[in-house]
Amino acid sequence: MYAGTFPIITAEEAAAHINNGAMVALSGFASAGTAKAVPRAIARRARDFHQAGKPFKIRLLTGSSSGNNIDEELAQAEALSWRAPFQSAPTLRAQINSQQVQYLDMHLSHAPQTLLAGFFGKLDFAIVEATEVTRDGRVYLTTSIGSSPTYLRYADRIFIEINNYHSRRLPEMADITILAPPPRLNPIPIHDPLTKIGFPYARVDPRKIVGIIETNEPDEIKRFTPADWRSKRIADHVVRFLFGEMITGHIPREFLPLQAGVGNLSNSVVAALGSNPYIPPFRMFTVVYQDSMVDLMEQGKLLAASVTSLSLTPEVLRRVCSNMDFFGPRTVLRPQEVSNDAGIARRLGVIAINPAIEVDIYGNVNSSHVFGTDIVNGIGGSGEFTRNSYLSIIMCPSTLLGGRISSIVPMSPHIDSNEHSVQVVVTEQGLADLRGIGPMQRAKRIIDNCAHPAYRDYLNNYIKESRMGHIRHNLRKAYELHRNFIEHGAMLPGLNLKEIGERL
């Protein structure tokens, strides 16, 4: 225990150590296991400095998205100058898009190694949430692992938030290891989602711990909204397709591990797979453990889950912690450079299911930027799994804003996953299997199966009017739909929106 070993201090005392320009790393992944008290104190410190006419901004690293108590509070206090590798807060998003904050959007598994290589610069502070820290430097993390083990090892000074809200049995799920840098990086010997290769704790040099801050509060995890009819239809297409792949032998009868992105749409697909009697019990090698997965595990449909974060609403997390004898042996919490590792995903034959903002007619995917300019959240882990999975599935509704936007476009103005990685595209209109066919055949299949009927004539005409080549494009009209929306409020200004509603 930490009592009598490390000084117990307040969040304000911890924040007083952090000055303008500092590089600060915080624990947390998908709003789970986030540092809580000290980030709020840093935001208050920033406001005090600004009111006194003094500059105060920090450079911020986390594992992934971190909820309102980190990104939103710090952004509202104008306390950030630089952010990586992911964000999801409205105020910070606006500051990034107006160039007030420099944002490095990157594959999540790359963040720890990039820090280790020195490309982020010196890491001044790490603030990490834990259930316990021992006098010899073992840190037992809470509901996420993320990049915390790396931050604990390489930060100059450490603050530990001991959160008494969380169960001390959570580390039973943890499997923590720090990968060696190239060329000493060995293959990661994980051959099953439940394989463990590390320890239930992270390590830190005790001499670097400046103080302990005691807290008692849950993670800020919001419940997903119920699936709408389009999400349900997309889920039905995916389930039907995967069942067909199993019948043909493309997927073994015992099935393959699943990865699913975060959000309502992915949550709907996982739930639909779990409720379908023809899909066998399956395992998941993914990034985030969500509420629907707990239900499936209790029902015996989800056999195992390898993740880096328990992104569970407080009531569902209490269910898990009160039945740790059941959930503990079936769940593994890993660092994000392991949970998102390309080699493991390929070895296990992961089926990757991820949402997108838009897809172009050749299968290039934009999952992060509106009109190629404004960041929404970031690429997260979707690109890593789309590129390295056995089967990559991309999902989105065919239209948005009552039909004024088509999610199937001639050319995506920003590409996160390209046509070489994307194998299947799904909207509520249907599913396009793109395997084994060339670009023009891919275009026809995506338009016919996935585009909304109201946009199909435009997309087919775009191809007819395009320059002949292996991939056909009309560079004068490639972004006409996007320009139309910016200038007229609809991608096809003359489109009968009522007709779109009737044809859905």
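If you're wondering where the values come from, they're calculated on a predicted model, not measured in any experiment. (Residues numbered from 1 in each chain as written. Predicted model: local features only at pLDDT ≥ 70, side-chain atom pairs only at ≥ 80, totals over all residues. Heavy atoms only, no water.)

## Observations concerning the overall build of the protein
Then step 1. In terms of regular secondary structure, the protein is built from 18 helices and 26 strands.
Then step 2. Since a compact globule built from 504 residues should have a radius of gyration of about 23 Å, the 23 Å found for the protein is in line with a globular shape.
Then step 3. Each principal axis of the C-alpha atoms in the protein carries an extent, and together these give about 75 × 60 × 45 Å.
Then step 4. With 504 residues in all, the protein has 59% of them scored as buried.
Then step 5. Accessible area for the protein stands at about 19800 Å²; split by element, carbon and sulfur atoms hold 51% of it.
Then step 6. For the protein, the centre of its 52 positive side-chain charges and the centre of its 48 negative side-chain charges are spaced 3 Å apart. (Helix = DSSP H or I, 4+ residues; strand = E, 2+ residues; numbered from the N terminus. Rg over C-alpha atoms; globule rule 2.2 N^0.38 Å. Buried < 20%, exposed > 50% of the residue type's maximum accessible area, 1.4 Å probe, protein only. Areas by Shrake-Rupley, 256 points an atom, 1.4 Å probe, with all protein chains shown as cover. Lys, Arg positive; Asp, Glu negative; His and termini not counted. Charge placed at Lys NZ, Arg CZ, Asp CG, Glu CD.)

## Looking at helix α9 (residues 291-298)
Then step 1. When you tally the buried positions in α9, you get 6 out of 8 residues, the bulk of the element.
Then step 2. Those residues of α9 lying buried are Asp291, Ser292, Met293, Val294, Leu296 and Met297.
Then step 3. At the C-terminal side of α9, glycine 300 shows a positive phi close to 85 degrees.

## Considering the pattern of salt bridges
Then step 1. Across all of its chains, the model carries 22 salt bridges by this definition.
Then step 2. Among the salt bridges present, the one from aspartate 156 reaches lysine 122, with a minimum N-O distance of 3.1 Å. Of this pair, aspartate 156 sits in the loop between α6 (148-154) and β7 (157-163) while lysine 122 is found in the loop between α5 (110-117) and β5 (125-133), placing the two residues 34 residues apart along the sequence.
Then step 3. On the basis of relative accessibility, which here comes to 54%, the residue lysine 122 falls in the exposed class.
Then step 4. Between arginine 334 and aspartate 175 there is a salt bridge, with the nearest N and O atoms lying 3.0 Å from each other. You can see arginine 334 sitting in the loop between β15 (331-333) and α12 (336-339) and its partner aspartate 175 sitting in the loop between β7 and β8 (202-203), a full 159 residues away along the chain. (Salt bridge = Lys/Arg side-chain N within 4 Å of Asp/Glu carboxyl O.)

## Some words on the packing of aromatic side chains
Then step 1. Across all of its chains, the model carries 9 aromatic pairs by this definition.
Then step 2. Put simply, the rings of Tyr140, Phe199 and Tyr201 pair up and form one aromatic cluster.
Then step 3. Seen from the ring of phenylalanine 49, lysine 54 lies directly overhead, with NZ or CZ sitting 5.9 Å from the centre.
Then step 4. Sitting over the ring of tryptophan 82, arginine 59 keeps its end group 4.3 Å from the ring centre. (Phe/Tyr/Trp six-rings, centres within 6.5 Å; stacked < 30°, edge-to-face > 60°. Lys NZ or Arg CZ within 6 Å of the ring centre and 35° of its normal.)

## Comments concerning the domain arrangement of the protein
Then step 1. Its domain assignment divides the protein into domain 1 (11-215) and domain 2 (229-503).
Then step 2. Look at where the C-alpha atoms of domain 1 and domain 2 centre, and you get two points 29 Å apart.
Then step 3. Taken together, the contacts link 47 residues of domain 1 with 50 residues of domain 2.
Then step 4. Taking both sides of the interface into account, the surface hidden between domain 1 and domain 2 amounts to around 3900 Å²; carbon and sulfur atoms contribute 60%. (Domains from an automatic or database assignment. Contact = heavy atoms within 4.5 Å. Buried area = accessible area lost by both parts, 1.4 Å probe.)

## Some details on unusual backbone geometry
Then step 1. Backbone torsion omega between alanine 84 and proline 85 reads -5 degrees, so that peptide bond is classified as cis.
Then step 2. Here proline 85 is to be found in the loop between β3 (80-84) and α4 (90-97).
Then step 3. Proline 182 connects to proline 183 through a cis peptide bond whose omega is 5 degrees.
Then step 4. Note on placement: proline 183 falls in the loop between β7 and β8.
Then step 5. At glutamine 99, a residue that is not glycine, the phi angle is positive and equals roughly 65 degrees.
Then step 6. Positionally, glutamine 99 belongs in the loop between α4 and β4 (102-103).
Then step 7. In the Ramachandran plot, phenylalanine 255 falls in the positive-phi region, its phi being about 75 degrees despite a non-glycine side chain.
Then step 8. In this structure, phenylalanine 255 sits in the loop between α7 (229-248) and β10 (258-260).
Then step 9. Judged by its relative accessible area of 5%, phenylalanine 255 falls in the buried class.

## Quick word on α4
Then step 1. Listed as buried for α4 are Leu92, Gln95 and Ile96. Axial view of α4: buried residues confined to an arc of 100 degrees, hence all on one face.
Then step 2. On the buried face of α4, the contacting elements are α3 (68-76), β3, β4 and β20 (374-375).
Then step 3. Glutamine 99 sits one or two residues past α4 and shows a positive phi near 65 degrees. (Arc of directions from axis to C-beta.)

## A few points about the sheet that holds strand β17 (residues 358-360)
For sheets, the rule is that strands pair by backbone hydrogen bonds, running either parallel or antiparallel.
Then step 1. Read across the open sheet, the 3 strands follow the order β18-β17-β24; overall the sheet is mixed. Since the sheet does not close on itself, it has two edges, and those belong to β18 (365-366) and β24 (408-409), each with one partner.
Then step 2. Here 2 bridges tie β17 to β24, and the two strands are oriented parallel to one another. The partner of valine 359 across the bridge, within β24, is isoleucine 408. (Pairing = 2+ DSSP bridges.)

## Considering the environment of proline 281
Then step 1. Along the polypeptide, proline 281 turns up in the loop between α8 (264-275) and β11 (282-285).
Then step 2. For the pair proline 281 and glutamate 298, spaced 17 residues apart in sequence, the C-alpha to C-alpha distance is 12 Å.
Then step 3. For proline 281, the contacting residues outside a window of four places in its chain are Glu254, Gly300, Lys301 and Leu303.

## Comments concerning the pairing of strand β6 (residues 138-141)
Then step 1. Sheet analysis places β5 next to β6, joined by 3 bridges and oriented antiparallel. When the sheet's bridge partners are listed, alanine 130 is paired in β6 with leucine 141.
Then step 2. Between β5 and β6, which pair antiparallel and follow one another directly, the connecting turn spans 4 residues, one of which, glycine 137, has a positive phi of 95 degrees.
Then step 3. In the sheet, β6 pairs with β8 via 2 bridges, with the strands oriented antiparallel. In the sheet register, valine 139 faces β8, and the bridge partner there is alanine 202.

## As for the nonpolar core
Then step 1. Counting residues in each nonpolar core, the largest one holds 77 residues, and the members touching the most others are Ile160, Leu242, Tyr289, Ile351 and Ile393.
Then step 2. The element that contributes the greatest number of residues to this core is α7, accounting for 7 residues.
Then step 3. Counting the residues that make up this core, at least three belong to each of domain 1 (11-215) and domain 2 (229-503).
Then step 4. The residues touching leucine 242, leaving out its near neighbours within four places in the chain, are Ile251, Phe255, Leu273, Ile351, Leu391 and Ile393.
Then step 5. Listed in part, the 50 residues of the second largest apolar core include Ala22, Tyr103, Ile188 and Val338. (Core = buried A, V, L, I, M, F, W, Y, C linked by side-chain atoms within 4.5 Å.)

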